Amino acid sequence: MFTVRVPATSANLGPGFDTLGMALDLYLNIEIEISYGMNQVFYTTGGRAQPRNIPAEDLVVKAMHKVFEKVGREIPPLKVTIHNEIPIGCGLGSSAAAIAAGLSAANFMVGQRYSLNQIMNWAVQMEGHADNIVPAMVGGFTTAMVYEGKVYYQRLSLPEEIKVVAVVPDFVLSTAEARAVLPDKVDLKDTIANLQRACYLLASIYNGDTRNIHMAMDDVIYQPLRKHLIPGFELVFEMAADAGALGVALSGAGPTIVAFCTGDEGQVGQAMMEAFASHGVDSRVLYLNPSAEGVKILGKR
Ligand code: HSE
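The structure reproduced in this document is the subject of the present report. Keep in mind the model is a prediction, meaning the values are calculated, not measured. (Residues numbered from 1 in each chain as written. Predicted model: local features only at pLDDT ≥ 70, side-chain atom pairs only at ≥ 80, totals over all residues. Heavy atoms only, no water.)

### Things to note about the packing of aromatic side chains
- All chains considered together, the criterion is met by four aromatic pairs.
- An angle of 25° between the planes, with centres 4.5 Å apart, marks the rings of Phe233 and Phe237 as stacked. On the criterion of helical spacing, the pair formed by Phe233 and Phe237 is a turn pair, its members being four residues apart in helix 9 (residues 233-242). For the residue pair Phe233 and Phe237, the accessibility class agrees, reading buried in each case.
- In this structure, Arg5 is placed above the aromatic ring of Tyr27, and the distance from its NZ or CZ to the ring centre is 4.1 Å. (Phe/Tyr/Trp six-rings, centres within 6.5 Å; stacked < 30°, edge-to-face > 60°. Helix = DSSP H or I, 4+ residues; strand = E, 2+ residues; numbered from the N terminus. Buried < 20%, exposed > 50% of the residue type's maximum accessible area, 1.4 Å probe, protein only. Lys NZ or Arg CZ within 6 Å of the ring centre and 35° of its normal.)

Here is the structure:
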């Protein structure tokens, strides 16, 4: 038996659409046992898994199949127990975690035949974009580049004092729906503004200088096009900033909104939930830390 653990992730972080991402200390754990006598993969849920957290079984198993197909072997009968803390369909990288978990578990079962880079490239093909997959696999704060079909990344550590307040509204928004509102082409001035901000954000993190993060995280391209999908969006941003957040962003495709903080987490989380409530939206707040670790195989026996 062994367990594969993968962190939740927040992608885009404002200006870095499909590029920037970070790992968070909220995890999908998948426990895998060879199940003698069974003839297929079957699932149970355990631990802190909740009804709304029914995991993406299909994705885990699809990912496992991918590796076994490459090796030319059948998946053995398995018992897969899912302990999932990551809300599904809320912009916290649940599908990236499921894909990374399935590929990594299968790779472990075939004797780590494939490199991390190979697994990452398959994961990105399955997910369609790299910004959640990369930090899910390597942890930290990452920037991904897809060049001639291959994924390359750089990884930074966030300054330790940065905490992440993630406010999860009580509705699901699919990535497909959130991508459908985006145009094929964007304005050059907006592109330049986002490029400047993404580079500035990355350099600020590198230098541990958080002073202008609120400006660097102010995306002008896709958040304005998605905000109508999230009631209370503007007020949540405003109230988070007023309560002391360093910077605020839609987490991935949303609807979760994340705020970076260094000390006012409680007030920021409360203010963001109140802003959602004033638009008739229930929400819950998760007080998170950046996770330095990506996918990990635990408890091998
Ligand atoms: N970059 C992607 C998007 C992340 O915003 O559509 C989706 O999780």
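Having seen the model, we can carry on.
### Some remarks on the site of the ligand
- Around the ligand, the structure places Asn12, Phe17, Asp18, His129, Asp131, Asn132, Thr175, Arg179, Arg226, Gly252 and Ala253.
- At 2.7 Å from an oxygen atom of the ligand is found a side-chain nitrogen or oxygen belonging to Arg179.
- With respect to the ligand, the side chain of Arg226 contributes an N or O atom lying 2.9 Å from an oxygen atom.
- Here the ligand, which alone exposes 260 Å², has 96% of that area covered by the protein.
- Residues of the shell around the ligand, tallied by class, amount to two nonpolar, five polar and four charged. (Near = heavy atom within 4 Å. Polar contact = N/O pair within 3.5 Å; in protein donor to acceptor, adjacent residues only side chain to side chain. Areas by Shrake-Rupley, 256 points an atom, 1.4 Å probe, with all protein chains shown as cover. Nonpolar A, V, L, I, M, F, W, Y, C, P; charged D, E, K, R; others polar.)

### Quick notes on helix 2 (residues 94-109)
- Here helix 2 is 16 residues long and its end C-alpha atoms lie 22 Å apart, about the 22 Å a rise of 1.5 Å per residue gives.
- Burial analysis of helix 2 places 14 of its 16 residues in the buried class, which makes it a mostly covered element. (Expected span 1.5 Å × (residues − 1).)

### Points about the nonpolar core
- Within the largest apolar cluster, 71 residues are counted, with the highest numbers of intra-cluster contacts made by Ile30, Ile32, Met64, Met137, Phe141, Leu201 and Phe260.
- Among the elements that make up this core, the one with the highest residue count is helix 2 (10 residues).
- When residues of this core are sorted by domain, at least three fall in each of domain 1 (2-157 + 290-299) and domain 2 (163-288).
- Once you skip the residues sitting within four places of it in the chain, Ile32 turns out to touch Met1, Phe2, Met64, Leu78, Lys79, Val80, Ala105 and Met109.
- Grouped together as the second largest cluster of nonpolar side chains are 25 residues, Ile230, Val236, Cys261 and Ala275 included. (Core = buried A, V, L, I, M, F, W, Y, C linked by side-chain atoms within 4.5 Å. Domains from an automatic or database assignment. Contact = heavy atoms within 4.5 Å.)

### A short note on the environment of Cys90
- Position of Cys90 relative to the elements: it lies in the loop between strand 4 (78-84) and helix 2.
- The class for Cys90 is buried, based on a relative accessible area of 0%.
- The spatial distance from the C-alpha of Cys90 to the C-alpha of Val168 is 6.9 Å, given a sequence separation of 78 residues.

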